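# Notes for the structure review
Now for the letters of each chain:
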Amino acid sequence: SFHRESSASSRVSEVARSHFFRSYPRITYPLTSISLVAENLQRRLQDPERRWVTQMLKETNRLIELVQEWLDLTQLQAAPERTL
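The structure reproduced in this document is the subject of the present report. As the structure is a prediction and not an experimental result, all values here were calculated from the model.

## A look at the overall build of the protein
Counting secondary structure elements, the protein contains two helices and zero strands. The buried share of the protein, taken over its 84 residues, is 18%. When contacts within the protein are restricted to residue pairs at least 6 apart in sequence, those whose partners lie at least 24 apart make up 58%. For the protein, the exposed area adds up to about 6700 Å²; of that, 58% sits on carbon and sulfur atoms.

Next comes the structure, spelled out in structure tokens:
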């Protein structure tokens, strides 16, 4: 029973990792696009709109970093012998 539960848990983890790797571009491309648009707007706008766009850019970059960290952790979990 324990072996079957452990085996099923391993399969679920593998499916989740596989789904994440396939989904990664669909997650990062929109964030990168938002970042590029915000950078262009930031140069063209005046305050107070510029401050709003600057904050949006900071938050978008934070999301990009979080997604990258998630990917790194997922890769480490898939191959614990690797180092990041």
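Now that the structure has been shown, we can carry on.
## So, the pattern of salt bridges
This model, assessed by the stated rule, comprises two salt bridges. For the salt bridge of Asp47 with Arg51, the shortest nitrogen-to-oxygen distance reads 3.8 Å. What makes Asp47 partly exposed here is its relative accessible area of 45%. With a shortest N-O distance of 3.8 Å, Arg62 and Glu59 are connected by a salt bridge.

## Comments concerning unusual backbone geometry
In this model, Asp47 is joined to Pro48 through a cis peptide bond whose omega is 10 degrees. Along the polypeptide, Pro48 turns up in the loop between helix H1 (2-44) and helix H2 (49-78).

## Remarks on the environment of Pro30
Summarising the element assignment, Pro30 is placed in helix H1. Here Pro30 falls in the partly exposed class, since its relative accessible area comes to 40%. Spatially, the C-alpha atoms of Pro30 and Thr60 are 9.9 Å apart, while their sequence positions differ by 30 residues.

## Looking at the side chain of Ser35
As for its position among the elements, Ser35 is in helix H1. The contact partners of Ser35, leaving out residues within four places of it in the chain, are Leu57, Thr60, Asn61 and Ile64.

Cut-offs and rules
- Residues numbered from 1 in each chain as written.
- Predicted model: local features only at pLDDT ≥ 70, side-chain atom pairs only at ≥ 80, totals over all residues.
- Heavy atoms only, no water.
- Helix = DSSP H or I, 4+ residues; strand = E, 2+ residues; numbered from the N terminus.
- Buried < 20%, exposed > 50% of the residue type's maximum accessible area, 1.4 Å probe, protein only.
- Contact = heavy atoms within 4.5 Å.
- Areas by Shrake-Rupley, 256 points an atom, 1.4 Å probe, with all protein chains shown as cover.
- Salt bridge = Lys/Arg side-chain N within 4 Å of Asp/Glu carboxyl O.

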